[in-house]
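# Structural overview
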Amino acid sequence: MNWTRFFNRLKGRPAAHEEDLDAELAFHQNMKERDLLARGMTEGEARRSARRGMGNLTLAREEAYEAWTIRWLSDSIRDLRHAARTLTAQPGFTLATVLALVLGIAVNAILFNVYNALALAPWAIRDAKQTVQVFSERRAGQWIGFSWPHFRHLQANTQSLAGLAAFSGTGTLVSQGDASWGANAVAASENYFELIGTGFAAGRGFSGGTGNLHDPAPEIVLHYDTWMTRFGGDRGIVGAWLELSGRRLQVVGVAAAGFSGPTTNIPHMWIPGAWRDIFNPAQKILENPNSCCVSVIGRLKPGVSRAGAQAELNTLSTQFVASAKREKSRVLVTAPTFLANPSRFRPASAIFLAMGAASLLILLLACANVANLQLARATARRREIAVRLSLGASRGRILRQLVAEGLLLSGIAGAASVAISAWAPGGIVRMIAGPGESLTFRFANDVRVLAFILFATFVAAMLFGLAPALTAVRDGTAMGLREGGRATSTGRMRSILLAAQVALCAILLSGTALLVRALDRVRHLDTGFQYEKVIVMSPGLDASGVSDERARGLLVPLIERIGGLPGVESVARASVIPYGEGFGVRVADRRTEAGVNAGFNEVSANFFETLRIPLLHGRSFTRGDEARMDTVIINEAAAQRLWPGESPLGKTLQILPTLRIERKDLMRPLEVIGVVRNFGGRGFGTEREPYICMASPGARRSRLLIRHSGEAGPLMMELPKHAREIDRRFLASAAPYSETIANALRSANLSAAIASVLGTLSLLLACVGIYGVAAYNVSQRTREVGVRMALGARPRAILAMVLKQNLRTVVVGAAVGIVGAISFGRLLTSLLYGVKPTDPLAMLVTIAILFGTSALATWGPARRASRVDPAITLRHE
Amino acid sequence: MDRQPISQPGLLPGTLDLLVLKTLSRGPLYGYGIAQYLEQATGAFLHVGEGSLYPALQRLVVNGWAEAGWRLSETGRRARYYTLTAAGRKRLKAEERDFDRMVDAIHLVLRAV
């Protein structure tokens, strides 16, 4: 590098320089005039002649100026303008390219947007950067909250945190006059709003003071949305008294608009934490150091790191568990995002990895496709480029021009992706989330998302823009100027790109095929019971605040009344609905210390009869079993796991204590009295897992299963009315069992639907690519085909020749793709419900579709080749 | 698209810089003087237009081969004089050598047949 030269350039064009140049040129003209006068010209002649001799003064000035400036900027603008002209001149090409790129970039933008909202963007709370979430480790790798006394100990003693708040969700029944509705309430510590609140739209927060655990302040802070939808935004609501599960509480404030706290679902209201024990009398969690658990969020003091806070909280936690005689558990301090909890992150990361790999493949596919289109154009533009090179344009300049075109194309696609990313993720997530769930996540195009899109756009431009540009310039002048100059290296590059495209497409297609197979398998799985003609009824006592005993007293007349309705065959009771909710326990086992995982349900005596689950051995439950709560009926899988080769009848099983289960009544020996056929208890894929049903008299959480003979509709309509006539506290709802099954199918349906969309996109992209290459090859070989035909080749042979040429590339691509597909399939294992990633049917279908479409895409150009008129093509030379 | 300096027909590309360097090696001179000298020295065979002369001069300055400054000319008028730098002398030598080689090569071809 010549430094003088470099600095001279950097200095740019000095202001004085232009005047220098003008003066210099004026002097030049003057001297010339003088000489001409001396040679005998008249003054006028001399001036005219001198000026003529000067040529184009402006041009001279421009040329001199160009030597001075860093021309980069002005050139770039010129490049972009040139690119815009070139692209508008070929709208078809431009549209195809932009569409392919929008697909590639938008899919990635949407995925990143969702990831950003879940893992990177903090909760919408005050000064989120300084807040931290605190978790304790329950089992290895399972991070949950703290018991209330544990939280109080940390809160009272921490030095590294400016504050620590706790909260947990609880259902409650709100009565307004004669009507009532179920509300999601968050029971929070008194400092909750001080620590993370963003202010109040009306009124104030909790009055504070730890107060008496058993006599909390009767205060409600409403969510802004609740205030708007339920109370019409009326300021008079502050000070009003509401009845919550039979208790009177006063509305003291309304949280600021947009504040939902660090929870995934939007709550209706906040109440002081101690109300939780009053509304859920069965669990006294506030005093129990072993209870599970409240979520904890804190604010770091200035200058304290998360690691520092974590070290301190670990020490405090160790003190506490020692005094409470509890097992030691680690403490984790994380960023305030949803996925910061490792137990949530792990399953989510598998999905994000699979989706991320798929969408990256789509982007690569789009780039390969566009690169191919660009190469085809580059070939068409060889002459243009060659002419410009021979006229003295520098290679770098032409390269820059081609790259500018690439940037412009991907820039348009990037802008479109920004728009798509702004609305699509919210819509998709609303589709995934069940009805009635309102999530707090905001899928906004924040700085991170925009930076990601910009990055993806730039990478795409480089990927598809540079390769064709380099090829075009390398071939240079001589090749391009020759009449009919044929591509050699470009041809090879195009073949490689095509093979890569086919390989990527094979990967995505096989993923789609696997997920569709999984869906098909799930649909045909035998649930093990008959859910047709069964209605699921939720009495809705969960949030009513009544005790389990009282609930039993209410359920008996309800079941009797429904059982007496016309068309009702039987009414059974269960604590969980198979395929609806999953509840599991660990059962002691002679051979493994950890025990055996099994689904668990507390049912009425007629449960198996109502669902038509056949009893294989032993006897069925009786009314007496319900009251005693010490007999169980297990499925075949459980019998095989616990007592292989023996009869389980008369044996006893022991449920192991886990911290999540606070029920001592389950921890006694339970006698096995019967074995039923396997049935799916905990959702799809669990059909062969152990399942245990205990006879019980029911509780607040009981659900009813109603087998009927007539129409479901009218019966479902009148069920809630009957419940309300028995007691006002019933908040009943009813739906056909098939709805529960459909809901359980939703995730399988959804992943298959998403995969189908991605797979179809990739197939479309690959098709365009294959067609493009075939069409190009045919146009390149027109002369050769002409010669062959002139020599007597039949159209059929020509057709076969062209088809074969492309198919060879497709075969190579497909072979590579299938190998990749098998490794990609492993990423999907959790979504496959037992279908193997190497599933032969899925692979065969992939290959068939791939070859079918390639043949179709090649067919048109091949036909064109076979109809070539030899006379015309030979004359063309 | 790039605009290259328009050179005299028959003048090999790049030779204008060489001629200007050579002219300046005789001593500092202003633009018009250089054009005059080249015309006289070649027996009016070469006519160097301003459109190519001044860009060539700017190139020399930008590349650090020549320096420019205003001073009084022999006629008593202010003119912009160009002076060859040490780098310019080195460049001149290199270009002369290259040119000789090129001419020899062209001769070889022209005499060969």
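Scroll up a little and you will see the structure.
Keep in mind that this is a model prediction, so the values were computed, not measured.

### Points about the sheet that holds strand 1 (residues 29-30) of chain B
Strand order in the open sheet made by the three strands is 1-3-2 (chain B), with antiparallel pairing throughout. Strand pairing shows two members of the sheet lacking a second neighbour, strand 1 and strand 2 (66-72) of chain B, which therefore form its edges.

### Considerations on the nonpolar core
All names here are of chain A. Core analysis: the largest hydrophobic core is formed by 115 residues, its most contacted members being Ala165, Ile220, Val221, Val632 and Ile692. Among the elements that take part in this core, strand 3 (residues 161-176) stands out by supplying seven residues, more than any other. Setting aside its immediate chain neighbours within four residues, Ile692 contacts Ala598, Gly599, Phe600, Val632, Ile634 and Ala638. Of all hydrophobic cores here, the second largest spans 98 residues; its members include Phe338, Ala513, Val522 and Leu850.

### Topic: helix 25 (residues 840-866) of chain A
The first and last C-alpha atoms of helix 25 of chain A sit 37 Å apart over 27 residues, in line with the 39 Å expected at 1.5 Å per residue. If you look at helix 25 of chain A, its biggest bend is around 35 degrees, right at Trp859 of chain A, and the proline Pro861 of chain A turns up within four residues after that.

### Observations regarding helix 17 (residues 548-563) of chain A
All names here are of chain A. The end-to-end C-alpha distance of helix 17 is 22 Å, a good match for the 22 Å that 16 residues give at a rise of 1.5 Å each. Within helix 17 the residues assigned to the buried category are Ala551, Leu554, Leu555, Leu558, Ile559 and Ile562. Summarising the contacts, the buried residues of helix 17 are in contact with strand 13 (568-574), strand 21 (703-708) and helix 21 (712-726).

### Regarding the packing of helix 2 (residues 31-41) of chain B against helix 3 (residues 50-62) of chain B
All names here are of chain B. Two elements in contact, helix 2 and helix 3, have axes separated by 11 Å at closest approach and are oriented at 120 degrees. For the crossing formed where helix 2 meets helix 3, the hand is right-handed. Contacts between helix 2 and helix 3 involve Gly31, Ile34 and Ala35 from the first element and Leu53, Tyr54 and Leu57 from the second. Grouping the amino acids of the contact of helix 2 with helix 3 by side-chain chemistry returns five nonpolar, one polar and no charged.

### Section: the environment of Gly69 of chain B
Residue and element names in this part refer to chain B. Inspection of the secondary structure assignment puts Gly69 in strand 2. Residue class for Gly69 comes out exposed when judged on the 10 C-beta atoms lying within 10 Å of it. Distance in space between the C-alpha atoms of Gly69 and Pro28 is 9.9 Å, their sequence separation being 41 residues.

Definitions and limits used
- Residues numbered from 1 in each chain as written.
- Chains lettered and ligands numbered in written order.
- Predicted model: local features only at pLDDT ≥ 70, side-chain atom pairs only at ≥ 80, totals over all residues.
- Pairing = 2+ DSSP bridges.
- Helix = DSSP H or I, 4+ residues; strand = E, 2+ residues; numbered from the N terminus.
- Core = buried A, V, L, I, M, F, W, Y, C linked by C-beta atoms within 7 Å.
- Buried ≥ 20, exposed ≤ 12 C-beta atoms within 10 Å, placed from the backbone.
- Contact = placed C-beta atoms within 7 Å.
- Expected span 1.5 Å × (residues − 1).
- Bend = angle between axes of the 7 residues up to and from the residue.
- Axes fitted to C-alpha atoms, helices over the stretch in contact; angles between N-to-C directions.
- Left-handed = near helix turned anticlockwise from the far one by under 90°.
- Nonpolar A, V, L, I, M, F, W, Y, C, P; charged D, E, K, R; others polar.

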